[in-house]
Amino acid sequence: CTSPAISNLIAHKLDRRMSAMAVKLGWRYTRYADDLTWSIDAEPSPSVGYVLARIRHIVDDEGFSVNHEKTRVQRRSQQQSVTGVVVNDRLSVSRDTIREIRAILHNAKRTGLAAQNRNEHPHFESWLAGMIGWIEMVNPQQGGKLRTQWVELQRK
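I'd like a rundown of the pairing of strand β1 (residues 28-32), residues and numbers included.
What you see with β1 is a clean split: Y29 and R31 sit on the buried side and R28, T30 and Y32 on the side with no burial. Two elements, β1 and strand β2 (residues 35-39), share five bridges in a ladder whose sense is antiparallel. When the sheet's bridge partners are listed, Y29 is paired in β2 with W38.

Next up, the structure:
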C-alpha cells in the first residue's frame, strides 16, 4: 500500500502518455492506483486489439508490466466493473454483494449478528459497517436502505 500522491508521482509520465494516446484515438483514460481503465462510448476505431497492444507497449516502456490475468474487455451488453464498482449506466455495487449484505442483515434479525460471521472476519461488525458505508458512497439509494436495516439492528 502506498499513498495516492506517491503512486501519482511514480505514474505521472505513464499517465501523460496514456492520456495523450486516448485523446488522439477518441477514448477516455483513467487510473486508480494500479488499475488502468480505457473507455469509449461508440464502437472503437481503431480495433481494441490495436489499443491493447499500444497500451502494453507504453506500460512496458515506462518500466511497468501488464497483469494479463486482470486485463479484460467489457462490452456495453455486459456488466462493466472497475475496482469493484459497476459503471454501466450509473454507479452501483454488484448484485451479488448487495444480496450478501442484505441477507446478513435480514438473518441477523433472527439469529444475531455474530451467527452471520460465516467467514470468521476478526472484526465482523466493523467490516459490515464499512461495506454498508462503501455501498452508500457508491450508490446512496442502495446504501440508504441497508443503512436503515443496520441502524434497526443496532437498536436491538
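What follows continues from the structure just given.
Tell me what's going on with the nonpolar core, and back it up with residues and numbers.
Among the nonpolar cores identified, the biggest contains 17 residues, and I101, L105, L113, L128, I132 and L146 are the most heavily contacted of them. Listing elements by their share of this core, those giving two or more residues are α4 (95-111), α5 (124-138) and α6 (140-155). Among the elements that line this core, the one with the most residues is α5, at six residues. Contacts of I132, omitting those with residues within four sequence positions, involve I101, L105, G143, L146, R147 and W150. Judged by nonpolar contacts, the second largest core, of 14 residues, contains M21, W27, Y29 and V59.

Run through a positive patch on the surface, naming residues and quoting values.
Taken together, R95, R99, R102 and K145 make up a surface patch of like positive charges. For R99, the location among the structural elements is in helix α4. Of the residues examined, R99 reaches a relative accessible area of 48% and is grouped as partly exposed.

About the thresholds
Residues numbered from 1 in each chain as written. Predicted model: local features only at pLDDT ≥ 70, side-chain atom pairs only at ≥ 80, totals over all residues. Heavy atoms only, no water. Buried < 20%, exposed > 50% of the residue type's maximum accessible area, 1.4 Å probe, protein only. Helix = DSSP H or I, 4+ residues; strand = E, 2+ residues; numbered from the N terminus. Pairing = 2+ DSSP bridges. Core = buried A, V, L, I, M, F, W, Y, C linked by side-chain atoms within 4.5 Å. Contact = heavy atoms within 4.5 Å. Patch = residues over 30% accessible without salt bridge, like charges linked within 9 Å, V, L, I, M, F, W, Y side chains within 5 Å. Areas by Shrake-Rupley, 256 points an atom, 1.4 Å probe, with all protein chains shown as cover. Salt bridge = Lys/Arg side-chain N within 4 Å of Asp/Glu carboxyl O. Lys, Arg positive; Asp, Glu negative; His and termini not counted. Charge placed at Lys NZ, Arg CZ, Asp CG, Glu CD.

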